[in-house]
Amino acid sequence: MNFIFISPNFPLNFYLFCKALKNNNVRVLGIGDEAYDKMSENCKKYLDDYYQVNSLENYDEVYRAFAYFSYKYGKIDYVESNNEYWLMQDARLREDFNVNTGVGLDNIAYIRYKSQMKKKYAEANVRTARFHLVSDYESGKRFAHEVGYPLIVKPDDGVGASFTHRINNDEELWTFYNSYMPCQMIMEEFIDGDLVSYDGICDSKRNIIYETSHVFPRQVMNIVNDKLDCYYWSVIDIPEDLRKKGQAVVKTFPTNSRAFHLEFFILRSDKEGLGKKGDIIGLEVNMRPPGGPTLDMMDYAADIDVYQLWANMICFDEARMDTSRKYFVVYASRRKEHYYPTSLEEVKDRYREHIVMELKNPEVIAPAMGDDVLVARFKDEEDIMPFVQAVIGD
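Let me sum up the structure you'll find in this document. (Residues numbered from 1 in each chain as written. Predicted model: local features only at pLDDT ≥ 70, side-chain atom pairs only at ≥ 80, totals over all residues. Heavy atoms only, no water.)

**Quick notes on the overall build of the protein**
(1) Moving on: Assigned secondary structure in the protein consists of 15 helices and 16 strands.
(2) Moving on: Here the protein has a C-alpha radius of gyration of 21 Å; the compact-globule value for 394 residues is 21 Å, and the two agree.
(3) Moving on: With 394 residues in all, the protein has 55% of them scored as buried.
(4) Moving on: Nonlocal contacts in the protein, meaning residues at least 24 apart in sequence, comprise 65% of its contacts between residues at least 6 apart. (Helix = DSSP H or I, 4+ residues; strand = E, 2+ residues; numbered from the N terminus. Rg over C-alpha atoms; globule rule 2.2 N^0.38 Å. Buried < 20%, exposed > 50% of the residue type's maximum accessible area, 1.4 Å probe, protein only. Contact = heavy atoms within 4.5 Å.)

Structure follows, in structure tokens:
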């Protein structure tokens, strides 16, 4: 099997996908914009060949790299980046080189555009926030008065919390319409809810071969805009109503042979026109592995190698390992601009038996994920918040 991995060097842990593929005797071919000599030894070790382009943004360059590998090694069976940013390019390469695995251009809109996602959520019988594609001020004002303030505006095709804003009244709405908009924006009613995810990996028939869930007490938009500390954790037992909604969404979206990260709100109170307290509302889908060290958290929760599980799915269409979860795994981070009463060394010493990872996030993701990170695991749910409070100092 010939597998082209786009940007195998970033994020830094993605070389582990290449390693897992090599364990299954796959030929792994990398295309990236970093010089080969500057890549980590781990990344280089698990690539059979590498083609450097000046910019991954330049499709012509990436196309030529793909064509070179196709000429040199024959038919390409897979191309993946496992990265939200490159999903459209991945799909275009599949189309141009007749690669029949993965998401094609005919389905890419459903996993890139938030307005299009809502159609698939509806097919899965999962409600979503009412929305308006931003056009003119009068249309926006009518929508605002229909659903009520506050409103959330963000790019219809966007990654993370960039250009995401909260609008609280008519005055702020007017200011928004008279400000710079980088792209097509989507306006949604505000949802007062707790953010949870349903994460996993599907086989080629959209059967889930690994599943888990994470709880996010603080939303990314608030973390970025208010410079809050980030923390979240995985659960051992997935609530049954969340599991059913997640499974329904997986069956509706193009999840064949993919890792997925689905986001939902659980309503904190009744909202007319949307739902009752405790109802599950769809937020958005991400047809790629969850970000940051969440993949590693999935490892530690079940004592498995989730990268190898993914590679087994690619090669054998099955997990070939026990995926039962045994631990709550907690991510907590600090920001370099904040003061903390307890040193990180003291926290590490106190939780030495539970800490499974320590890392510094790259600058590109630090605004959303924090700078200095500790990941710990516990058997008991009651141990989660004391650890979080020790890290963030609340």
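Following the structure, the description resumes.
**Description of the sheet that holds strand β15 (residues 355–360)**
(1) Moving on: The strand order β13-β12-β9-β10-β11-β14-β16-β15 describes an open sheet built from eight strands, whose pairing is antiparallel. A strand with exactly one partner marks an edge of an open sheet, and here the two such strands are β13 (280–286) and β15. For this sheet the average axis-to-axis angle between neighbouring strands, irrespective of direction, equals 20 degrees.
(2) Moving on: Of the pairings in the sheet, the one linking strand β9 (residues 193–202) to strand β10 (residues 208–216) comprises eight bridges and is antiparallel in character. Each bridged residue has a counterpart across the sheet, and for G200 the counterpart in β10 is E211.
(3) Moving on: Those strands touched by helix α6 (residues 114–123) are β12 (259–267) and β13, and its axis lies near 125 degrees from that of β13. (Pairing = 2+ DSSP bridges. Axes fitted to C-alpha atoms, helices over the stretch in contact; angles between N-to-C directions.)

**Focus on the nonpolar core**
(1) Moving on: Within the largest apolar cluster, 42 residues are counted, with the highest numbers of intra-cluster contacts made by V249, L262, F264, V285 and F387.
(2) Moving on: If one sorts the elements of this core by residue count, helix α15 (residues 384–392) sits on top with six residues.
(3) Moving on: Those residues in contact with L262, other than ones at most four positions away along the chain, are V196, S197, Y198, D199, G246, V249, V250, E284, V285 and M287.
(4) Moving on: Of all hydrophobic cores here, the second largest spans 33 residues; its members include M39, Y46, Y78 and I314. (Core = buried A, V, L, I, M, F, W, Y, C linked by side-chain atoms within 4.5 Å.)

**Regarding the sheet that holds strand β3 (residues 49–52)**
(1) Moving on: The strand order β3-β2-β1-β4 describes an open sheet built from four strands, whose pairing is parallel. Looking at which strands have only one partner, the edges of the open sheet turn out to be β3 and β4 (78–80). Neighbour-to-neighbour, the strand axes of this sheet turn through a mean angle of 20 degrees, independent of strand direction.
(2) Moving on: Both strand β1 (residues 2–6) and strand β2 (residues 27–32) contribute to a ladder of five bridges, which runs parallel. Paired with F3 across the two strands is V28, which belongs to β2.
(3) Moving on: In the packing of helix α4 (residues 87–97) onto the sheet, the strands contacted are β1 and β4, and the crossing angle to β4 comes to about 160 degrees.

**Brief notes about the state of the cysteines**
(1) Moving on: Evaluated as defined, the whole model comprises zero disulfides.
(2) Moving on: Residue C315 stays outside any disulfide, its sulfur separated by 12 Å from that of C18, the closest cysteine.
(3) Moving on: Judged by relative accessible area, C315 falls into the partly exposed class, the value being 23%. (Disulfide = S-S within 2.5 Å.)

**Notes on the packing of helix α3 (residues 59–73) against α4**
(1) Moving on: Where α3 contacts α4, the two axes come as close as 11 Å, and the packing angle between them is 50 degrees. Comparing the axis directions of α3 and α4 gives the class oblique. When you trace α3 past α4, the crossing you get is right-handed. Across from Y59, V62, Y63, F66 and A67 in α3, the residues of α4 making contact are Q89, R92, L93, D96 and F97. (Parallel < 35°, antiparallel > 145°, perpendicular 65-115°, else oblique. Left-handed = near helix turned anticlockwise from the far one by under 90°.)

**Thoughts on the environment of I365**
(1) Moving on: Relative to the helices and strands, I365 is located in the loop between β15 and α14 (366–369).
(2) Moving on: Judged by its relative accessible area of 27%, I365 falls in the partly exposed class.
(3) Moving on: Note: C-alpha distance between I365 and Y232 (133 residues apart in sequence) is 16 Å.

**Things to note about α3**
(1) Moving on: The end-to-end C-alpha separation of α3 is 21 Å, in line with the 21 Å expected for 15 residues at 1.5 Å each.
(2) Moving on: Restricting attention to buried positions, one finds in α3 the residues Y59, E61, V62, A65, F66 and F69. Considered in projection along α3, the buried side chains sweep an arc of 165 degrees and stay on one side of the axis. What points out from α3, more than 90 degrees from its buried face, is the exposed set D60 and Y71.
(3) Moving on: Lining the buried residues of α3 we find β1, β2, β3, β4 and α4.
(4) Moving on: Where α3 begins, the capping side chain belongs to N58, and its oxygen is found 3.1 Å from the backbone nitrogen of D60.
(5) Moving on: Where α3 ends, the next residue or the one after it, G74, has phi of about 90 degrees, a positive value. (Expected span 1.5 Å × (residues − 1). Arc of directions from axis to C-beta. Polar contact = N/O pair within 3.5 Å; in protein donor to acceptor, adjacent residues only side chain to side chain.)

**With respect to unusual backbone geometry**
(1) Moving on: Cis geometry is found at the peptide bond from F10 to P11, where omega equals -5 degrees.
(2) Moving on: Inspection of the secondary structure puts P11 in the loop between β1 and α1 (15–23).
(3) Moving on: Put simply, Y149 and P150 share a cis peptide bond, and its omega is 0 degrees.
(4) Moving on: The backbone of N25 shows a phi angle near 65 degrees, a positive value even though the residue is not glycine.
(5) Moving on: For N25, a relative accessible area of 71% translates into the label exposed.
(6) Moving on: Its identity is not glycine, yet D317 carries a phi of approximately 65 degrees, on the positive side.

Just geometry here; none of it tells us what the structure is for.
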